[in-house]
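Structure at a glance
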Amino acid sequence: MIITEFVLVRHGQARCNVEGVVGGPRTCTGLTDLGRAQVQAAADRLAIEHAVAPFTALYTGPRLRLVETGDILSAALRLTTSVAAGLDGPVHGDADGRPWHEVKTAADGGPHAHPDQPWARGSDTWNGYLQRAGGFLRDLIREHEGGRLVVAAHGETILALHTLLLALRPGLQAGFTVDHGSITRWQHHLNRLGQRRWLLDRHNDTAHLDNLPKRGCGG
């Protein structure tokens, strides 16, 4: 029996992704037209499911591309969006708004390359971000036990949830592809013996995007 379900929708393609710049809270300029179409396709798919088995809550983070993603999901699902600071992406410090290739060159790699070192002055460390985001997600899971939650998420938030529920070790040099507008689903199962287990039902599901242009950038 499934007792709790978390569905995460990565934000659609953002302008900062196309431009190859770090889209922090100061400089994020929201979604592209393709990004909005990606989220709308995900929202339409979830709305069909919602009509049969309603979702109980919708969350998003405060960064503009997430807020816009949450607005599209909210309209399709007719759920009020809760904006939570704990769902924001990593702190980029002085890297905010700068080209990613410059930031990665100066830091000898991206955030994952040296997971216990900041990638710019005032930035998170990758492991520090995973710990902070994982703590928030753990609390969110407890708060919504027994519910069906939709989250408009950064790719990093999805990685943080995987790290939490799979109990991955810090600094692991492996990861997961998370495409813009993709759907990821975790389900908490309770069996007849009273045993509980989290199962990853799907990761990076993009079937609803098949008719959209194949464009995308990281970040």
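That block above? That's the structure.
Residues numbered from 1 in each chain as written. Predicted model: local features only at pLDDT ≥ 70, side-chain atom pairs only at ≥ 80, totals over all residues. Heavy atoms only, no water.

Right, let's get into the pattern of salt bridges. Pairing is possible between side chains that carry opposite charge, provided their charged atoms lie close to one another. Counting across every chain of the model gives 15 salt bridges. Salt-bridge contacts for Arg26 lead to Asp96; the nearest nitrogen and oxygen are separated by 3.8 Å. You can see Arg26 sitting in the loop between helix 1 (15-19) and helix 2 (33-52) and its partner Asp96 sitting in the loop between strand 3 (81-83) and helix 4 (100-106), a full 70 residues away along the chain. Using a relative accessible area of 62% as the deciding quantity, one classes Arg26 as exposed. Since its relative accessible area comes to 8%, Asp96 is described here as buried. Between Arg36 and Asp33 there is a salt bridge, with its nearest N and O atoms 2.4 Å apart. You can see Arg36 and its partner Asp33 sitting in helix 2, three residues apart, about one turn around the helix. We classify Arg36 as partly exposed; its relative accessible area is 30%. Ionic contacts of the salt-bridge type, sharing partners, join the residues Glu5, Arg45, Glu49, Arg148, Arg185, Asp201, Arg202 and Asp205 into one network. (Salt bridge = Lys/Arg side-chain N within 4 Å of Asp/Glu carboxyl O. Helix = DSSP H or I, 4+ residues; strand = E, 2+ residues; numbered from the N terminus. Buried < 20%, exposed > 50% of the residue type's maximum accessible area, 1.4 Å probe, protein only.)

Here the largest pocket is characterised by a volume of approximately 800 Å³. Residue lining of the largest pocket: 40 residues in total, with His112, Trp126, Leu130, Glu156 and Leu159 positioned closest to the centre. Only helix 1, helix 4, helix 5 (126-143) and helix 6 (155-165) provide two or more residues apiece to the lining of the largest pocket. No other element matches the eight residues that helix 5 contributes to the lining of the largest pocket. Taken together, the residues that form the lining of the largest pocket break down as 18 nonpolar, 17 polar and five charged. (1 Å grid on protein atoms, 1.4 Å probe; cavity = no way out; pocket = protein on both sides within 12 Å on 5 of 7 lines; lining within 4 Å. Points joined across faces, edges and corners; volume = space filled by probe spheres on them. Nonpolar A, V, L, I, M, F, W, Y, C, P; charged D, E, K, R; others polar.)

With that settled, consider the pairing of strand 6 (residues 196-205). Two faces, one strand: in a regular strand the side chains alternate between the faces of the sheet. Of the pairings in the sheet, the one linking strand 5 (residues 183-190) to strand 6 comprises seven bridges and is antiparallel in character. When the sheet's bridge partners are listed, Leu190 is paired in strand 6 with Arg196. Counting the residues in the hairpin turn of strand 5 and strand 6 gives five residues, including Gly194, whose phi is positive at 80 degrees. (Pairing = 2+ DSSP bridges.)

In this section: the packing of helix 2 against helix 3 (residues 64-77). Between helix 2 and helix 3, the least distance of the axes is 9 Å, while the angle of their chain directions is 35 degrees. Here the hand of the crossing between helix 2 and helix 3 comes out right-handed. Seen from helix 2, the contacting residues are Arg36, Val39, Gln40, Ala43, Leu46, Ala47 and His50; seen from helix 3, they are Glu68, Thr69, Ile72, Leu73, Ala76 and Leu77. (Axes fitted to C-alpha atoms, helices over the stretch in contact; angles between N-to-C directions. Left-handed = near helix turned anticlockwise from the far one by under 90°. Contact = heavy atoms within 4.5 Å.)

Within the largest apolar cluster, 23 residues are counted, with the highest numbers of intra-cluster contacts made by Tyr59, Leu149 and Val151. The set of elements that each furnish at least two residues to this core consists of strand 1 (2-10), strand 2 (57-60), helix 5, strand 4 (148-153) and helix 6. Setting aside its immediate chain neighbours within four residues, Leu149 contacts Glu5, Phe6, Val7, Thr56, Ala57, Leu58, Tyr59, Leu140 and His144. Counting residues in each nonpolar core, the second largest holds 16 residues, with Val7, Leu31, Ala42 and Leu77 among its members. (Core = buried A, V, L, I, M, F, W, Y, C linked by side-chain atoms within 4.5 Å.)

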